[in-house]
Amino acid sequence: MKTTRHATYNLNYHIVWLPKYRNSALVNEVADRVRDILHEIADGKGLEIIDLTVQPDHIHLFVSSPPKHAPSLLANWFKGISSRKYNHRYADNDGEKIRWARGYYAGTAGHVSSETVQDYIRRHEEGEI
């Protein structure tokens, strides 16, 4: 359990999003850079990344957030800030820009344990799913 001044909470969200056109652009150095940027965003916003998997054509993020942040806000922060930071830092050096598809998936770990969601992400990363 975590606390703020006025709330005790345990809110964990599983958010998944894709590069535009589902390109397999998130590999090697690009994946490492995106991963680092997502951690920067979480640290800057006071969020805890529980698990993160960067696949070539999508991202799985399992994040804990205080109740004041809606899941839609979290998805918009991670998608919007990450593309701006990545493109500002790396696209100018003849690198390709990161563009995200419009939608995203957001789910909670309300009736499912955090361990179950983490296991799903790990199994997906290892190609079992």
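Residues numbered from 1 in each chain as written. Predicted model: local features only at pLDDT ≥ 70, side-chain atom pairs only at ≥ 80, totals over all residues. Heavy atoms only, no water.

**Description of the sheet that holds strand β6 (residues 105–108)**
Spatially, four strands are ordered β4-β5-β3-β6 in an open sheet, and the strand pairing comes out antiparallel. In this open sheet, the two strands that pair with only one neighbour each are β4 (48–55) and β6. Looking at each pair of strands side by side, their axes are set apart by 15° on average, direction ignored. Relative to strand β5 (residues 58–64), strand β3 (residues 12–17) runs antiparallel, the two sharing six bridges. Paired with W17 across the bridge in β5 is I59. Sheet strands touched by helix α1 (residues 28–45): β3, β4 and β5. Its angle to β4, the strand with the most contacts, is close to 160°. Helix α2 (residues 71–91) rests against β3, β5 and β6 of the sheet, and its axis sits at about 50° to β3. (Pairing = 2+ DSSP bridges. Helix = DSSP H or I, 4+ residues; strand = E, 2+ residues; numbered from the N terminus. Axes fitted to C-alpha atoms, helices over the stretch in contact; angles between N-to-C directions. Contact = heavy atoms within 4.5 Å.)

**Regarding the environment of N10**
In this fold, N10 is placed in the loop between β2 (8–9) and β3. Judged by its relative accessible area of 46%, N10 falls in the partly exposed class. Sequence separation of N10 and S64 is 54 residues, and the distance between their C-alpha atoms is 7.4 Å. A distance of 3.3 Å separates a polar atom in the side chain of N10 from a polar atom in the side chain of N12. (Buried < 20%, exposed > 50% of the residue type's maximum accessible area, 1.4 Å probe, protein only. Polar contact = N/O pair within 3.5 Å; in protein donor to acceptor, adjacent residues only side chain to side chain.)

**Here we look at the environment of H39**
Relative to the elements of secondary structure, H39 occurs in helix α1. Looking at H39, the relative accessible area reads 33%, which means it is partly exposed. A C-alpha to C-alpha distance of 7.2 Å links H39 and I49, two positions 10 residues apart in sequence. Not counting the four nearest positions on each side in its chain, H39 is found in contact with I49 and L52.

**Description of the pairing of β3**
Counting buried residues in β3 gives six out of six residues, a clear majority hidden from the surface. Alternating residues of β3 divide into N12, H14 and V16 and Y13, I15 and W17, and every residue in both groups is buried. Where β3 lies against β6, four bridges are found, and the strand directions are antiparallel. Counted as the bridge partner of I15 is A106 from β6.

**Digging into α1**
Here α1 spans 26 Å end to end across 18 residues, near enough to the 26 Å set by a 1.5 Å rise per residue. Restricting attention to buried positions, one finds in α1 the residues V30, A31, V34, I37, L38, I41 and A42. Looking straight down α1, one finds that the buried residues subtend no more than 140° of arc, so they occupy a single side. With respect to the buried face of α1, the exposed residues turned more than 90 degrees away are N28, D43 and G44. Elements that come into contact with the buried residues of α1 comprise β3, β4, β5 and α2. Within two residues after α1, G46 carries a phi angle of roughly 75°, on the positive side. (Expected span 1.5 Å × (residues − 1). Arc of directions from axis to C-beta.)

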